[in-house]
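Spelled out from the first residue to the last, the chains are:
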Amino acid sequence: MTDDRPRPVKTTQTSLALVRAVRDSDGATLSELADRLELAKSTVHNHLHTLVDEGFLVRDGDTFHVGLQFLSFGEHARGRNPLYATARRHVYSIAETTGHEADFIVEENGRAYSLEYAIGESSRRSLSESSPFRAGNRFYMHNCASGKALLASMSESQVNEILERWGLPATTDHTITDESELFDELEAIRHRGYAVNDEELIDGYRSVGAAVTDPDGEILGAFSVGGPTYRMATDESTAEELAQLLRDEIRSLESTLFC
């Protein structure tokens, strides 16, 4: 069988890799980027200055940072989702009610993207600016509560397609990395109506997630609420209580959108 997929453009991949490296480093010099990506300095120089000219990077002395040009693209991408404005209000409601972190995620190309994220009062006191949770972050589907809630709402063929593309990489010792175990977990999620992430994404973090669907069963996204393990109990009654809160928010959202 021949692979008729178009070949990736190497120069584009290099530019995007540099942008990601600059972002992940919170700013980097040409030499640092060349060493990190194992590229010639001349190649990095050309890409960086093209990105600066186009407004996607900015230069502060010898250090390059992500430019505000990306802001309009991100806002445009997020605003394309017709559910965003309504879901945003519910994310902040969940965070305010629970004091925990809350988000709304959607699936795109087999990955989970956070469209909106909010921090409740109790979490705000303990989280730093380095928290990995924020709007725009991308996650694997199998190791976060909202992602697993979405997978549980999909057909087996859809789940298999995602697993074939992205696999089941482990991000902690608790991450599910076996397909049969994952499918058992998805069946349990369907039965109880919500998903749980117990330190599967990040050590010391737990969350509960539930999917949002339209009246025809189309998957629209998922809400989750979570926090550090010292504030998130492991017992089933606590998870059920948080899941019920998510269900109430989902019903309120559905009444706004579909009634």
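Predicted model, so just to flag it, every value in this text is computed and none were measured. (Residues numbered from 1 in each chain as written. Predicted model: local features only at pLDDT ≥ 70, side-chain atom pairs only at ≥ 80, totals over all residues. Heavy atoms only, no water.)

Draft legend 1. Broad picture of the side chain of Asp 214. Note that Asp 214 resides in the loop between strand E8 (205-213) and strand E9 (219-228). Buried within the structure, Asp 214 lacks any salt-bridge partner; Arg 80 is the closest side chain of opposite charge, at an N-O distance of 16 Å. A distance of 2.9 Å separates a polar atom in the side chain of Asp 214 from the backbone nitrogen of Asp 216. A polar contact is formed between the side chain of Asp 214 and the backbone nitrogen of Glu 218, at a distance of 2.8 Å. Excluding residues that lie within four positions of it along the chain, Asp 214 makes contacts with Leu 220 and Phe 258. (Helix = DSSP H or I, 4+ residues; strand = E, 2+ residues; numbered from the N terminus. Buried < 20%, exposed > 50% of the residue type's maximum accessible area, 1.4 Å probe, protein only. Lys, Arg positive; Asp, Glu negative; His and termini not counted. Salt bridge = Lys/Arg side-chain N within 4 Å of Asp/Glu carboxyl O. Polar contact = N/O pair within 3.5 Å; in protein donor to acceptor, adjacent residues only side chain to side chain. Contact = heavy atoms within 4.5 Å.)

Draft legend 2. Region of interest: the environment of Gly 67. As for its position among the elements, Gly 67 is in the loop between strand E3 (63-66) and helix H4 (69-79). Among the residues examined, Gly 67 registers a relative accessible area of 6% and is labelled buried. Along the chain, Gly 67 and Glu 249 lie 182 residues apart, while their C-alpha atoms are 36 Å from each other. Ignoring any residue separated from it by four or fewer positions in sequence, one finds Gly 67 in contact with Gly 55, Phe 56, Leu 57 and Val 58.

Draft legend 3. How the structure looks around the UniProt feature "domain: HTH iclR-type" (unreviewed entry) in the protein chain. Feature annotation in UniProt assigns "domain: HTH iclR-type" (unreviewed entry) to the following positions: residues 9-68. Structurally, residues 9-68 is divided into 60% helix and 17% strand, and its ends, taken at the C-alpha atoms, are 25 Å apart. (UniProt positions renumbered as here; feature names shortened; annotations may be inferred.)

Draft legend 4. Broad picture of unusual backbone geometry. You will see that Asp 26, though not glycine, has its phi angle at about 55 degrees, which is positive. Summarising the element assignment, Asp 26 is placed in the loop between helix H1 (10-24) and strand E1 (28-29). Under the relative-accessibility criterion, Asp 26 is labelled exposed at 65%. With phi around 60 degrees, Glu 199 is a residue other than glycine that occupies positive phi space. Judged by relative accessible area, Glu 199 falls into the buried class, the value being 18%.

Draft legend 5. View of the packing of helix H7 (residues 145-152) against helix H9 (residues 179-192). Relative orientation of the contacting elements H7 and H9 amounts to 85 degrees, with a least axis distance of 9 Å. On the basis of the axis angle, H7 is roughly perpendicular to H9. Along its contact with H7, which presents Lys 148, Ala 149, Leu 151 and Ala 152, the element H9 presents Glu 185, Leu 186, Ile 189 and Arg 190. Of the residues in the contact of H7 with H9, the class split is 5 nonpolar, no polar and 3 charged. (Axes fitted to C-alpha atoms, helices over the stretch in contact; angles between N-to-C directions. Parallel < 35°, antiparallel > 145°, perpendicular 65-115°, else oblique. Nonpolar A, V, L, I, M, F, W, Y, C, P; charged D, E, K, R; others polar.)

Draft legend 6. Layout of helix H2 (residues 30-37). Looking only at H2, the buried set comprises Leu 30, Leu 33 and Ala 34. Here the buried residues of H2 occupy an arc of 100 degrees about the axis, which is enough to place them on one side. On its buried face, H2 sits against H1, E1, helix H3 (41-53) and E3. The positive-phi residue at the C-terminal boundary of H2 is Glu 38, with phi of around 55 degrees. (Arc of directions from axis to C-beta.)

Draft legend 7. Focus on the environment of Pro 8. Checked against the element boundaries, Pro 8 lands in the segment before H1. When the C-alpha atoms of Pro 8 and Asp 248 are compared, they prove to be 44 Å apart, with 240 residues separating the residues in sequence.

Draft legend 8. Main features of the sheet that holds E8. Spatial strand order, E6-E5-E4-E9-E8-E7: 6 strands in an open sheet with antiparallel pairing. Edge strands, defined here as strands with exactly one partner in the open sheet, are strand E6 (138-139) and strand E7 (195-198). By the bridge criterion, 5 bridges tie strand E4 (residues 101-108) to E9 in an arrangement that is antiparallel. The partner of Glu 101 across the bridge, within E9, is Gly 226. On the sheet, helix H5 (residues 84-98) packs against E4, strand E5 (111-119) and E9 and is oriented at approximately 55 degrees with respect to E5. Helix-sheet contacts for H7 involve E4, E7, E8 and E9, and the interaxial angle to E8 is about 35 degrees. (Pairing = 2+ DSSP bridges.)

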